[in-house]
Amino acid sequence: MPLVTVIEDDRAISESLRATLTERGHTVRVASTAAAGLALVTESAGDVIVLDLGLPDLDGRDVIKMLRAITPAPIIVATARESEDEIVKALDAGADEYIVKPFSARQLDARIRAVLRRASPADEGARLIVVGGLEIEPLGRQARVDGRRLVLTRMEFDLLQYLAVRVGRVVSRRELLTAVWHQPYGGGDGTVDVHLSWLRRKLGETAANPRYLRVVRGVGAQLVNPTD
Ligand code: CA
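Residues numbered from 1 in each chain as written. Predicted model: local features only at pLDDT ≥ 70, side-chain atom pairs only at ≥ 80, totals over all residues. Heavy atoms only, no water.

1. Thoughts on helix H4 (residues 84-93)
Cut-off, in case you're wondering: For every residue, the accessible area (1.4 Å probe, protein chains only) is compared with the maximum for its type, and the residue is labelled buried under 20%, exposed over 50%, or partly exposed between those bounds. Put simply, DSSP H or I for four residues or longer makes a helix, DSSP E for two residues or longer makes a strand, and each gets a number counted from the N terminus. Our arc is simply the arc of the directions from the helix axis toward the C-beta atoms. Whether two residues are in contact is decided by their heavy atoms, any of which lying within 4.5 Å being enough.
If you check which residues of H4 are buried, you get Ile-87, Ala-90 and Ala-93. End-on, the buried residues of H4 take up no more than an arc of 130°, which puts them together on one face. Facing away from the buried side of H4, by more than 90 degrees, are the exposed residues Glu-84 and Asp-92. At its buried positions, H4 is contacted by helix H3 (60-70), strand S4 (75-79) and strand S5 (97-100). Following H4 by one or two positions, Gly-94 has its phi on the positive side, about 125°.

2. Remarks on a nonpolar patch on the surface
As a reminder of what qualifies: In this scheme, patches are assembled from residues that exceed 30% relative accessible area and form no salt bridge. Like charges are connected within 9 Å, while nonpolar side chains (Val, Leu, Ile, Met, Phe, Trp, Tyr) are connected within 5 Å. To measure how exposed things are, a 1.4 Å probe is used in the Shrake-Rupley method; for residues, cover is taken only from the protein chains shown. Here, a salt bridge means any side-chain nitrogen of Lys or Arg that lies within 4 Å of a carboxyl oxygen of Asp or Glu.
On the surface, a cluster of nonpolar side chains totalling about 190 Å² of accessible area is made up of Val-170, Val-216 and Val-219. Tracing the backbone through its elements, the reader meets Val-170 in the loop between helix H6 (154-164) and strand S10 (171-172).

3. Regarding the pairing of S4
Looking along a regular strand, one sees side chains alternate from face to face of the sheet. What counts here: At least two bridges found by DSSP between two strands is the condition for calling them paired. Here a crossover is taken to be right-handed if, once the strands point away from the viewer, the path from the first strand over the helix to the second is traced clockwise.
Counting buried positions over the 5 residues of S4 gives 5, a clear majority of the element. With burial as the criterion, each face of S4 is covered, one bearing Ile-75, Val-77 and Thr-79 and the other bearing Ile-76 and Ala-78. By the bridge criterion, 4 bridges tie strand S3 (residues 48-52) to S4 in an arrangement that is parallel. Residue pairing across strands places Asp-52 opposite Ala-78, the latter belonging to S4. Handedness of the β-α-β unit built from S3, H3 and S4 comes out right-handed.

4. Regarding the sheet that holds S3
Strand pairing in a sheet is mediated by backbone hydrogen bonds. Such pairs are either parallel or antiparallel. Formally: With axes taken as lines fitted to C-alpha atoms, and helix axes fitted only over the stretch in contact, angles between N-to-C directions fall between 0 and 180 degrees.
With parallel pairing, the 5 strands of this open sheet are ordered in space as S2-S1-S3-S4-S5. Across the chains shown, the open sheet's two edge strands, defined by having one partner strand only, are strand S2 (27-31) and S5. In this sheet, adjacent strand axes meet at a mean angle of 20° when their direction is disregarded. In this fold helix H1 (residues 11-23) packs onto strand S1 (3-7) and S2, with an angle of close to 170° to the strand it touches most, S2.

5. Side note on the packing of helix H2 (residues 34-43) against H3
Describing two packed helices takes the angle between their axes plus the distance from one axis to the other. Put simply, the rule reads: To sort the angles, those under 35 degrees are grouped as roughly parallel, those over 145 as roughly antiparallel, those from 65 to 115 as roughly perpendicular, and the leftovers as oblique. Lys, Arg, Asp and Glu make up the charged group, whereas Ala, Val, Leu, Ile, Met, Phe, Trp, Tyr, Cys and Pro make up the nonpolar group; the residues left over, Gly among them, are polar.
Relative orientation of the contacting elements H2 and H3 amounts to 10°, with a least axis distance of 10 Å. Relative to H3, the element H2 is oriented roughly parallel. Across from Ala-34, Leu-38, Val-41 and Thr-42 in H2, the residues of H3 making contact are Val-63, Met-66, Leu-67 and Ile-70. Broken down by class, the residue content of the contact of H2 with H3 amounts to 7 nonpolar, 1 polar and no charged.

In structure tokens form, the structure reads like this:
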């Protein structure tokens, strides 16, 4: 359930990407200017950014540098022509991957999956996720804290796993709604808060004495390693 941010001024392209990437299991949000894209990514970084290099308001390389300053999320640049110079400059500026237009959603999906594998090998994969005394088995959908098995609902497990693979990062409620609940256009912020408090209770923590789960009121939540 990766959250993909598409920054592309050609609406026909962005809407077709939104439809086809959504079909392939991604959650997609679209911005048509660099400024709007930077605002989205500032609000919540998401997992991968697809950036058109020819935007009306800012130079592509400058946008890459600005994105790099606020997020480590992988950036795939989409370029209008196979210009070695342009591609090298984009990669030097901090892009992770490139794709030349016109491209199919299938090609882009393959690039997205490749950069996500590189960025976070444990993410949603088969590997055990370990954060201090907390262990999460993505395949078996089991979690333990200090060896004690946690009995979690499906949403609680997804929420815990999403935060655990992003350990140390404050994840906004909006991002959680988008990526865990698949409600990119918001809805009940209360939903997130309620699940966070249930999860906290199951982890054996309280708001006054958090260990792994820190809830930042009005902002979101962060999973931390208490042994760090
Ligand atoms: Ca363009």
